[in-house]
Amino acid sequence: MTLPTLPLPLGGVHHVSALTADAARNHDFYTRVLGLRLVKKTVNQDSPGMYHLFYADGAGTPGSDLTFFDFPRAAREHRGNDSVTRTTWRVTGPAALAFWAARFRDLGVPHGEVYTRDGRAHLDFEDPDGTRLSLFDDGGEGPRGVPHGDLPGEMQLQGLGYSGYHVGDLAPTRAFLEAGLGLREVRRYALNGLPTTVFAMGEGGPHAELHVTEAPELPHSRPGAGSVHHVALRVRDDRELRHWLLHLAGAGYGNSGEVDRHWFRSVYIRDPNGLVIELATDGPGFATDEAPEALGERLSLPPFLEPRRATIEAHLRPLHLTPTPQEGERP
């Protein structure tokens, strides 16, 4: 069968990867406070002396996972341009936002008030590293997450929403998103007085957008704890990923080539403003090497690192993780 001239549209946000200075504290926040499941405890495949933790819904569904590289005692991010400045999660209905606002107050999580941004009600907050996060009411649009843990099912996070960026110059990023990745502009709005353009993937929706704010007066960002390293976008399968590789090469965008991450396969691209975007396949999934009911319980290594397990485990610092609350328990 002959592939179409252009790749099939990207399917939405696949995952977001950020940096933490304290993996144990990070695990406590994302499992105990936000109610997510640790679905994979592994290492940075390019630097296996550091942990890489994956949090997601109850099944580790693509589009629901936020991952963290562990940089012990790293300094905080210097916020600025050409960086990911907001990672969002979808919840459904005003009652869900009210539930989370009360929960954050009770648990001492820094947060703002519920307010409307881009026509949707949002609740902004930060994790212990200062990662900028938001919950917003998706109105029941987008995929539904698989429930996990002790929180009421209707209040749980339904999956990732859009990712927000700040850039000094929109033009080169626009060209890359449109010509390189096939996204399209669907609307604009003002964010703190700054022009923000919304680019959609495929049929769009709250799980399939990138919001790019142009802020030429900001300094350039410097990565650190709390910063986002990259955003990954969904590709259906290996065949489609290879089609994207051909398209990117034809469009003149350099890339990493296909990278086998064991649980998915990827291509990494850096846009002209330095933003790293990954294209990642939906499969084979986190249950490739662990039973679905045991995800995240042991150190999982991809096959090429398995022969070095003893050495890797000996050099990793002990990681004491707080047990996740079970059904009926309260933090």
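By convention here, each chain's residues receive numbers from 1 onward along its written sequence. With pLDDT at 70 or above as the cut-off, local features in this predicted model cover only qualifying residues; side-chain atom pairs require 80 or more to be listed or tallied, and sums for whole chains, interfaces and linings still use all residues. Only hydrogens and water are set aside when side-chain values are computed; all heavy atoms of the structure are taken into account.

1. Quick notes on the overall build of the protein
Broken down by element type, the protein carries five helices and 16 strands. It is over C-alpha atoms that the radius of gyration is taken, and the globule rule equals 2.2 Å times the number of residues to the power 0.38. Over its C-alpha trace the protein gives a radius of gyration of 19 Å, about what one expects of a compact globule, namely 20 Å for 331 residues. Per-residue accessibility, obtained with a 1.4 Å probe over protein chains only, is compared with the maximum for each type, and a residue is labelled buried under 20%, exposed over 50%, and partly exposed between these values. Counting only residues that meet the buried cut, the protein has 56% of its 331 residues in that class. Only the protein chains shown count as covering a residue, and every accessible area follows the Shrake-Rupley method with a 1.4 Å probe. Taken as a whole, the protein presents about 13900 Å² of accessible surface, with 54% of it coming from carbon and sulfur. His is not counted, nor are the chain ends, whereas Lys and Arg count as positive and Asp and Glu as negative. Charge coordinates come from a single atom per side chain, which is NZ of Lys, CZ of Arg, CG of Asp or CD of Glu. Side chains of the protein carry 33 positive and 43 negative charges; the gap between the two charge centres is 2 Å. In this description a helix means any DSSP run of H or I spanning at least four residues, a strand means any run of E spanning at least two, and both kinds are numbered starting from the N terminus.

2. Quick word on the environment of Ala 190
With respect to the helices and strands, Ala 190 occurs in strand β10 (residues 184-191). Taking C-alpha positions, Ala 190 is 39 Å from Val 43, a pair spaced 147 residues apart along the chain.

3. Things to note about the sheet that holds strand β13 (residues 228-235)
We call two strands paired when DSSP finds no fewer than two bridges between them. With mixed pairing, eight strands are arranged side by side in an open sheet as β2-β3-β4-β1-β13-β16-β15-β14. Of all strands in the sheet, those bounded by a partner on one side alone are β2 (37-44) and β14 (259-260). Where strand β3 (residues 47-56) lies against strand β4 (residues 65-70), four bridges are found, and the strand directions are antiparallel. Residue pairing for β4: His 52 is matched across the bridge by Phe 69. Sheet strands touched by helix α1 (residues 23-33): β1 (13-20), β2, β3 and β4. Its angle to β3, the strand with the most contacts, is close to 10°. Every residue pair with non-hydrogen atoms within 4.5 Å of one another is taken to be in contact. Geometry is summarised by axes, namely lines fitted to C-alpha atoms with helices restricted to the contacting stretch, and by angles between N-to-C directions that run from 0 to 180 degrees.

4. As for the sheet that holds β10
Judged by pairing direction, the sheet is mixed, and its eight strands sit side by side in the order β6-β7-β8-β5-β9-β12-β11-β10 without closing on themselves. With partners counted over all chains shown, the strands left at the sheet margins are β6 (115-117) and β10, one partner each. On average, each strand axis in the sheet is tilted by 35° relative to the strand beside it, whichever way the strands run. In the packing of helix α3 (residues 170-180) onto the sheet, the strands contacted are β9 (159-167), β10, β11 (194-200) and β12 (209-214), and the crossing angle to β11 comes to about 10°.

5. Describing the nonpolar core
When a protein is soluble and globular, its nonpolar side chains tend to lie buried together. What makes a nonpolar core is a set of buried Ala, Val, Leu, Ile, Met, Phe, Trp, Tyr and Cys residues whose side-chain atoms join them at distances within 4.5 Å. Ranked by internal contacts, the top residues of the largest apolar core, which has 66 residues, are Leu 34, Leu 135, Leu 181, Leu 233 and Leu 279. It is helix α2 (residues 94-107) that provides the largest number of residues to this core, a total of five residues. Residue contacts for Leu 34: discarding those within four places in its chain leaves Phe 29, Trp 100, Phe 104, Phe 125, Leu 151 and Leu 157.

6. What about the pairing of β9?
Here β9 lies mainly inside the structure; nine of its nine residues are buried. Relative to β9, strand β5 (residues 83-91) runs antiparallel, the two sharing six bridges. Paired with Arg 90 across the two strands is Gly 159, which belongs to β9. Here β9 runs beside β12; their pairing, made up of five bridges, is parallel. When the bridges of β12 are listed, His 166 appears paired with Thr 213.

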